Amino acid sequence: MPTDIRYLAVIQLKNGMDKYWRKGVAKCIQKAEKEEMRAKLLEGGMGEANIQLALQNALVISKIARIDYPQDWPDVLTSLIALMRVASESNQLRLQRGLLILLQVVKELASARLRKSQTALQSVTPEIVFFLSNIYTQKVNQWYVFLSAGGDDEGGAMDAMDSSLLALKILRRLLIAGYKYPAQDKDVQELWGHSQLQFGQLFGMISHEPPLISSPAKDLVEKHLLQLSKLHLEMAKTHASSFAALPNSVELARGYWSLIEKYGEAYGSSTFTSKDDSDVNDEDGRHVLEKLALKGLSLLRSCLQMVFRPKLSFVYRSAEIKEAEKGLMDVIKFQLLTDELVSQMASVIVTKFFIFRQADLEAWNEDPYEWEIREDAGGDGWEFEVRPCSEKLFMDLVINYKHLLAQPLLNFFQSVTGTDNSDIVAKDSVYTAMGIAAPVLSDSFDFDSFLASTLVNDVHKTSPEYKVLRRRIAILIGQWVTIKISAANRPLVYEIFKHLLNPADSVNDQVVRVTAARHLKSAVDDFSFEVEPFLPFAEDFLHRLMALIRELSHAETQLAVLETIRVIFIRLELQAAPFADEIVSLLPDLWTASGEEHLMKQAILTLLTNIVMATKMHSVRYHPLIVPLIQRAVEHGSEMAVYLLEEALDLWSNMLQQTPAAESGPVIPLVDSVFPLLEIGSDNLSVVLGILESYVLLAPEVMLADTTRLRVLSYMTNALDIVKRDLIGLVISTRSEERRVGK
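These figures come from a predicted structure and were not determined experimentally.

K.L.:
Sorry if this is basic, but what is going on with the overall build of the protein chain here?
P.N.:
Looking only at helices and strands, the protein chain features 35 helices and zero strands. Dimensions along the principal axes, computed over C-alpha positions, put the protein chain at roughly 95 × 80 × 60 Å. Sorting the 743 residues of the protein chain into buried and exposed places 52% on the buried side. Partitioning the contacts of the protein chain with sequence separation of at least 6, the portion at a separation of at least 24 is 75%. A total accessible area of about 33700 Å² is found for the protein chain, and carbon and sulfur atoms account for 53% of it. The positive charge centre, built from 76 side chains, and the negative charge centre, built from 96, are 5 Å apart in the protein chain.

Following this line, the structure appears as structure tokens:
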């Protein structure tokens, strides 16, 4: 049969697993058919020559195992091991396919969260680990000897590398998910020690000058290294006490720090340096050393967290276990995180990894939108970029070792900022450290004087390269303004942000202005914010923010700027009303351009709610815009209602509260949209009942007309069947209001 048809068939089979395999679903596959399919999938997958078909077949088996193991398919793992035992002696293709199937099955089972499923996997893990350890050791020895000493069987060595990589991927997952206390198992201890020894050997092999090996063998060695580093990191994250208890973990962490230092020499310098194209030899454009350094930074951060911020556990632990775990954490604290190492880490991070490189500037100029989002948007992406990852580690260091790092940091700040230093790169790295350390240094560093004497001068320098420093100053002020900036200096802060948002200044490109817009929010949303000092700047801010939104084409950056506008509106309250018309004029185009981007629509509805509250009764002039939006967003059964219902109801409720009875005409047709919401019920039912009550008060002659009144009473009678007492009270309140108004 043609490969294309077979591929389509296995894809259809995989996609139908969730729909037709589970018991009790419509048109469920019968038990006898399932047994036959399981046997054929397993045997067929072991002998499949086409790798793409084999992968899809393995995914099908893994989906079945997730549903059927251990109740209906208890021997899936033991059967796989038995098949691979036979294949390991004679048929390398069947062995590799068996490893591929086992990898996908273990991936699925390791992601289970039910205790029963976890226990089932843990019960078979020792047998699988014992078997795979032998396979892994045998295959690694085979290809390592070939690469080190040479030989004739290159094809066999490459097959062995593929097999050992698959085995390592499975072992990595089993050591994390397959044991409750990994450090207590002898096989795990042996594998852990072997992983460290092998990491050093393989790293030496790929970093040797001149190169000892070339691709594709080098690529596979690098993949082995990455899998080993993932094992080390995940053990530190998931099983902190086991990480500390396993042999030579302190030396392992120190080894990662040595690797990080080596990478730091290539990563940062005191001048703009571009990354050599020859370093980019991985499939995603990253050098393997960068990936390993990232894993090392995350591992060291995990070591800090296991000591100073251990994970909470609801599992009962005896006093002896707690005492033992405390002793293990003390090993990390006093043997690994020594004063010397902590000081060294802080110094290297600031002087190497906080450096703004030529490669960063090139990425900024090439695609400013994507670069700004990647650098400033936050989220979980910090684990995949060197600078954000090192920032997280530095923050943990200064928080937990304030007594050790505060004074050296202050001395370092003064050495760079105390003179008229024109080294933009050095200043950018110092300002980065200064912003991260703000919560720790706020009592010992006079940021107000620094703001007035240094930052004001820096922000007004007009050389094109100063855009780097302007962006950093916006971030720095945003970090300090919520910590410690005096009320007297607030106008100066607003002046700086006003300058950074000025599109007429050629140094303020879109990255600088978007960054300033993001961090202006921190200044306005601060607990110490006062309206009066801000009012002279409000008009310029809002005009420049709205002009910036018109320039932007990326929804994510538009959302960030729109959020700043919303916060300004909330803070100014009634004093924001004069700017409402111009802001509202922006929204229709943003709504249309957002397409299926519901986050933007949510932001628009939320901003409209704030505008309605700020403009009070004058908001009636926006009804022609608001009413159609609400009607579309609450339409029963529409996709839009799934994402926008809550925001639309909030806007609807506030609009009714601010609408005078004499001008209620445009909002009356929306009454018909209330009844479907009453009928379906939801977590928002209390808001819907409040909207209905507002209509009774706003337009009693409409609501008490025979047709509408009877319809309302019918829905209210049905709503009284609701068991929630607070909602019953709202229903009774609404009906009472009807009777009172009727009288």
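K.L.:
Got a minute to help me understand the packing of helix α15 (residues 358–366) against helix α22 (residues 467–480) in this structure?
P.N.:
The axes of two packed helices give the description: the angle between them and the distance between them. Running from amino to carboxyl end, α15 crosses α22 at an angle of 90°, the nearest separation of the two axes being 12 Å. The orientation of α15 relative to α22 falls into the category roughly perpendicular. Residues Leu-361, Trp-364 and Asn-365 of α15 touch α22, and the partners they reach there are Lys-467, Val-468 and Arg-471. Of the residues in the contact of α15 with α22, the class split is three nonpolar, one polar and two charged.

K.L.:
How should the state of the cysteines be read in this particular structure?
P.N.:
Here, disulfide denotes a covalent bond that connects the sulfur atoms of two cysteines. Throughout the structure, instances matching the rule amount to zero disulfides. The structure places no disulfide on Cys-303, whose sulfur is separated from the nearest cysteine sulfur, that of Cys-389, by 13 Å. Judged by its relative accessible area of 0%, Cys-303 falls in the buried class.

K.L.:
I'm lost on the pattern of salt bridges in this one. Help?
P.N.:
A pair can form between side chains of opposite charge whenever their charged atoms are brought close. Under the counting rule described, the total for this entry stands at 28 salt bridges. One salt bridge in this structure joins Glu-48 and Arg-6, with 2.4 Å as the shortest N-O distance. A residue pair is termed long-range when its members are at least 10 positions apart, and Glu-48 in the loop between α2 (31–46) and α3 (51–68) and Arg-6 in helix α1 (residues 3–20) qualify at 42 residues. Residue Glu-48 is classed as buried on the basis of its relative accessible area, which comes to 12%. Residue Arg-6 is classed as partly exposed on the basis of its relative accessible area of 33%.

K.L.:
Is there a simple way to explain empty space enclosed by the protein in this structure?
P.N.:
A probe matching the size of a water molecule, rolled over the atoms, marks out where space remains unfilled. Considering all chains together, one arrives at two cavities of 30 Å³ or more under this definition. In this structure, the largest cavity spans a volume of roughly 80 Å³. Secondary-structure elements contributing two or more residues to the lining of the largest cavity are α7 (154–177), α8 (186–207) and α9 (217–238). Here the lining of the largest cavity takes four residues from α7, the largest share from any one element. Approximately 40 Å³ is the volume attributed to the second largest cavity. Lining the second largest cavity are Pro-368, Tyr-369, Glu-372, Gln-510, Val-511, Val-514, Leu-552 and Thr-557. Those elements that provide at least two residues to the lining of the second largest cavity are α16 (368–376) and α24 (510–524). Considering only residue class, the lining of the second largest cavity consists of five nonpolar, two polar and one charged.

K.L.:
Explain a negative patch on the surface to me, please; I cannot follow it from the model alone.
P.N.:
A cluster of acidic side chains, namely Glu-362, Glu-366, Asp-367, Glu-370, Glu-556 and Glu-597, defines a negative patch on the protein surface. Classification of Asp-367 as partly exposed rests on a relative accessible area of 32%.

K.L.:
Sorry, what's going on with the layout of surface pockets here?
P.N.:
Considering only enclosed or pocket space, the largest pocket measures out at about 1500 Å³ in volume. What lines the largest pocket is a set of 45 residues, and nearest its centre among them are Lys-237, Thr-238, His-239, Ala-240 and Lys-311. The set of elements that each furnish at least two residues to the lining of the largest pocket consists of α5 (92–110), α6 (115–149), α7, α9, α10 (240–245), α12 (288–308) and α13 (319–336). Taken together, the residues that form the lining of the largest pocket break down as 18 nonpolar, ten polar and 17 charged.

K.L.:
How do you make sense of the packing of aromatic side chains when you look at a structure like this?
P.N.:
To describe a pair of aromatic rings, one takes the distance between the centres and the angle between the planes. Under the defined criterion, the tally for this structure stands at 26 aromatic pairs. Residues Tyr-431 and Phe-450 carry aromatic rings whose centres are separated by 5.7 Å and whose planes lie at 80° to one another, so their mutual orientation is edge-to-face. Of the two residues, Tyr-431 is situated in helix α19 (residues 424–436) and Phe-450 in helix α21 (residues 447–459); the sequence distance between them amounts to 19 residues. Like Tyr-431, the residue Phe-450 is buried in the burial classification.

K.L.:
Sorry, what's going on with the nonpolar core here?
P.N.:
Nonpolar side chains tend toward joint burial in soluble globular proteins. Counting 253 residues, the largest nonpolar core has Trp-652 and Tyr-695 as the members making the most contacts within it. With near-sequence residues (within four places) excluded, Trp-652 lies in contact with Ile-630, Val-634, Leu-670, Ser-673, Val-674, Leu-677, Ile-691 and Tyr-695.

The rules behind the values
Each chain has its residues counted from 1, following the order in which its sequence is written. The predicted origin of the model limits local features to residues at a pLDDT of at least 70 and limits the giving and counting of side-chain atom pairs to 80 or more, whereas totals for whole chains, interfaces and linings rest on all residues. Calculation of side-chain values draws on the structure's entire complement of heavy atoms; hydrogens and water are dropped beforehand. Counting from the N terminus, the helices are DSSP H or I runs at least four residues long and the strands are E runs at least two residues long. Note on classification: 1.4 Å probe, protein chains only; a residue is buried when its accessible area is under 20% of the maximum for its type, exposed when over 50%, partly exposed between these limits. Two residues form a contact once any of their heavy atoms are found within 4.5 Å. For the accessible areas, the method is Shrake-Rupley and the probe is 1.4 Å, while residue cover comes only from the protein chains on display. Residues counted as positive are Lys and Arg, residues counted as negative are Asp and Glu, and His and the chain ends are not counted. Lysine's charge is taken at NZ, arginine's at CZ, aspartate's at CG and glutamate's at CD. In this analysis, axes come from line fits to C-alpha atoms, helices being fitted only over the stretch in contact, and the angle between any two N-to-C directions falls in the range 0 to 180 degrees. Here is the rule for angles: anything less than 35 degrees is roughly parallel, anything more than 145 is roughly antiparallel, 65 through 115 is roughly perpendicular, and the remaining ranges are oblique. Each residue receives one of three labels: charged for Asp, Glu, Lys and Arg, nonpolar for Ala, Val, Leu, Ile, Met, Phe, Trp, Tyr, Cys and Pro, and polar for the others, Gly being one of them. The criterion for a disulfide is a pair of cysteine sulfur atoms lying within 2.5 Å. Salt bridges are defined by distance alone: a side-chain nitrogen of Lys or Arg within 4 Å of a carboxyl oxygen of Asp or Glu. A pocket here means an open set of points on a 1 Å grid, computed over the protein atoms alone, that has protein on both sides within 12 Å along at least five of seven lines. A cavity is instead a set of points where a 1.4 Å probe fits but cannot get out; residues with an atom within 4 Å of a point line either one. Grid points are joined across faces, edges and corners, and a volume is the space filled by probe spheres set on the points. Patch membership is restricted to residues that have no salt bridge and whose relative accessible area is over 30%. Joining uses 9 Å for like charges and 5 Å for the nonpolar side chains Val, Leu, Ile, Met, Phe, Trp and Tyr. Any Phe, Tyr or Trp ring, taking Trp's six-membered ring, that has another such ring centre within 6.5 Å forms a pair; planes under 30 degrees apart are called stacked, those over 60 apart edge-to-face, and the others tilted. As used in this record, nonpolar core signifies buried Ala, Val, Leu, Ile, Met, Phe, Trp, Tyr and Cys residues forming a set joined through side-chain atoms within 4.5 Å.

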